[in-house]
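Working through the structure, step by step
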Amino acid sequence: MKAFTYLTPGSAEEAVGLLGQHGPQAQVIAGGQSLLLAMKTRTARPSALVSLAGVDDLAGVRLAASGELVVGATTTYAALSRAPLTGWHTEIAAVAGNLADRPVRTMGTIGGALCDAGPRYDMLTLVTGTGARLEVLGPSGVRTLSPGEFFAPGGGTTLAADEILAAIRFPAADAFTRVVFAKFRQRTFDAALASVLCAARPGNGGVQITVGAVRPVPVVATAADPEAVAAEVLDAAGGPPLVQYQRELVRTLTAQTLSTVNGS
Ligand SMILES: Cc1cc2nc3c(=O)[nH]c(=O)nc-3n(C[C@H](O)[C@H](O)[C@H](O)COP(=O)(O)OP(=O)(O)OC[C@H]3O[C@@H](n4cnc5c(N)ncnc54)[C@H](O)[C@@H]3O)c2cc1C
């Protein structure tokens, strides 16, 4: 591991300032679950690490006056899984409580997963499928992005080197009548080989189907039938053609989640 300077800001603004001062070789560290592995294998070689561990205003879960659920970027999976949530928000807690293993859930943060943007991470599918908004803090203040603006089309994010993800704003508890997430993984602590999220809107709003893990970024389907969804993802730009087993997984997970969300 290459030597680095370890910096401990006390606020989000100070963290952004330190990133600006130390230049593009500086990197934020949250729970370290992805970054430390990358540093050990030298695929990441930051000269300075800006730790978000002591930045209290970036952690925690609260309801905004609008009803949106605001999750601080450094909220760990473990904290999120224990949050007292209602309505469709309970699915957020369920997803956070059913990934990786206990040490990763204890240290890993929702913001770290989204900024690392691993295509197989569950949180990418969750924020895309529910149309969450991502609050990004930079030197000139906060900008709020849709998942389509936050994730780069070929993978990774559009964050500038001196920006941090501050919070994720999920739609209000009554925005969906039900949200169902399902994934297939080989072992319980493995990342998903395919994931599907179905979000049912009230009234005649219909069900939105989002497929994750098989493309660099999740795909929001326009089709409504499992076979057609699999075909649509198969054709999605930004990755090699899906192999047969991925197609089967997408079709089966879509059928399962649709059946659950429709209550049949
Ligand atoms: C053994 C193992 C199993 C796993 N299994 C799963 C799984 O089943 N499902 C799943 O979804 N994920 C899985 N993961 C991935 C896990 O979700 C991520 O490693 C973790 O959430 C990353 O968060 P972190 O806080 O540790 O980020 P870090 O490792 O600290 O940071 C990751 C990256 O994001 C950047 N970063 C972090 N926070 C911010 C911020 N607020 N603003 C800007 N940049 C930031 C860092 O600079 C770094 O580039 C697994 C990981 C491991 C190690």
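Residues numbered from 1 in each chain as written. Predicted model: local features only at pLDDT ≥ 70, side-chain atom pairs only at ≥ 80, totals over all residues. Heavy atoms only, no water.

Here the focus is the domain arrangement of the protein. Split by domain assignment, the protein resolves into domain 1 (5-51), domain 2 (59-170) and domain 3 (178-261). Relative to domain 3, the C-alpha centre of domain 2 lies at a distance of 19 Å. Across the boundary between the two partners, domain 2 contributes 21 residues, which contact 22 residues of domain 3. Buried surface at the junction of domain 2 and domain 3, summed over both partners, amounts to about 1,800 Å²; 60% is from carbon and sulfur atoms. Its largest share of buried area at the contact with domain 3, domain 2 owes to Glu-91, Arg-120 and Thr-125, together 32% of the area lost on that side. Where domain 2 meets domain 3, there are 1 salt bridge. Inspection of the domain 2/domain 3 interface yields 9 residue pairs in polar contact (both at pLDDT 80 or more). (Domains from an automatic or database assignment. Contact = heavy atoms within 4.5 Å. Buried area = accessible area lost by both parts, 1.4 Å probe. Salt bridge = Lys/Arg side-chain N within 4 Å of Asp/Glu carboxyl O. Polar contact = N/O pair within 3.5 Å; in protein donor to acceptor, adjacent residues only side chain to side chain.)

The next thing to look at is the site of the ligand. If you check the shell around the ligand, you find 30 residues, and the closest are Val-28, Gly-31, Ser-34, Tyr-77 and Thr-109. Between Val-28 and the ligand, the recorded distance is 2.5 Å, taken from a backbone N or O atom to an oxygen atom. A distance of 2.9 Å separates a nitrogen atom of the ligand from a polar backbone atom of Leu-165. With respect to the detected pockets, the ligand is housed in the largest pocket. When contributions to the shell around the ligand are tallied by element, the ones reaching two or more residues are strand 2 (26-29), helix 2 (35-40), helix 6 (110-116) and strand 8 (164-170). The element best represented in the shell around the ligand is helix 6, accounting for 4 residues. Looking at the shell around the ligand residue by residue, the class counts come to 19 nonpolar, 8 polar and 3 charged. (Near = heavy atom within 4 Å. 1 Å grid on protein atoms, 1.4 Å probe; cavity = no way out; pocket = protein on both sides within 12 Å on 5 of 7 lines; lining within 4 Å. Sits in = over half its atoms within 2 Å of the grid points. Helix = DSSP H or I, 4+ residues; strand = E, 2+ residues; numbered from the N terminus. Nonpolar A, V, L, I, M, F, W, Y, C, P; charged D, E, K, R; others polar.)

Turning our attention to the nonpolar core. Grouped together as the largest cluster of nonpolar side chains are 36 residues, with contacts concentrated most on Leu-114, Met-123, Ile-168 and Phe-170. Not counting chain neighbours up to four residues away, the residues in contact with Ile-168 comprise Leu-69, Val-70, Val-71, Ala-73, Ile-110, Leu-114, Val-127, Ala-132, Arg-133 and Leu-134. If you look at the next biggest cluster of nonpolar residues, it comprises 23 residues, including Ala-182, Ala-200, Val-233 and Ala-236. (Core = buried A, V, L, I, M, F, W, Y, C linked by side-chain atoms within 4.5 Å. Buried < 20%, exposed > 50% of the residue type's maximum accessible area, 1.4 Å probe, protein only.)

Before going further, it helps to spend a moment on the pattern of salt bridges. Applying the stated criterion to the full structure yields 9 salt bridges. For the salt bridge of Asp-190 with Arg-187, the shortest nitrogen-to-oxygen distance reads 2.9 Å. Residue classification places Asp-190 among the buried residues on the basis of a relative accessible area of 15%. Assessed through its relative accessible area of 48%, Arg-187 is described here as partly exposed. Here the residues in one salt-bridge network are Glu-68, Arg-133, Glu-135 and Arg-169, joined through shared partners.

Across the sheet, 5 strands lie side by side as 4-5-8-6-7; this open sheet has antiparallel pairing. Strands with a single pairing partner mark the edges of an open sheet, and in this sheet they are strand 4 (61-63) and strand 7 (141-145). On average, each strand axis in the sheet is tilted by 25° relative to the strand beside it, whichever way the strands run. In this sheet, strand 5 (residues 69-72) lies alongside strand 4 in antiparallel orientation, the contact comprising 3 bridges. By the bridge assignment for strand 5, Leu-63 is matched with Leu-69. (Pairing = 2+ DSSP bridges. Axes fitted to C-alpha atoms, helices over the stretch in contact; angles between N-to-C directions.)

With that out of the way, let us pick up helix 9 (residues 226-235). Buried residues of helix 9: Pro-226, Val-229, Ala-230 and Val-233, and no others. The arc that holds every buried residue of helix 9, seen down its axis, measures 100°, which confines them to one face. At the N-terminal end of helix 9, a side-chain oxygen is found 3.2 Å from the backbone nitrogen of Glu-227, two or three residues along, and the residue is Asp-225. (Arc of directions from axis to C-beta.)

Contact geometry for helix 9 and helix 10 (residues 244-261): axes closest at 8 Å, N-to-C directions at 135°. For the element pair helix 9 / helix 10, the angle class is oblique. Where helix 9 crosses over helix 10, the two elements pack in a sense that is right-handed. In contact with Pro-226, Glu-227, Val-229, Ala-230, Ala-231 and Leu-234 of helix 9, helix 10 contributes Arg-247, Val-250, Arg-251, Thr-254, Ala-255 and Leu-258. (Parallel < 35°, antiparallel > 145°, perpendicular 65-115°, else oblique. Left-handed = near helix turned anticlockwise from the far one by under 90°.)

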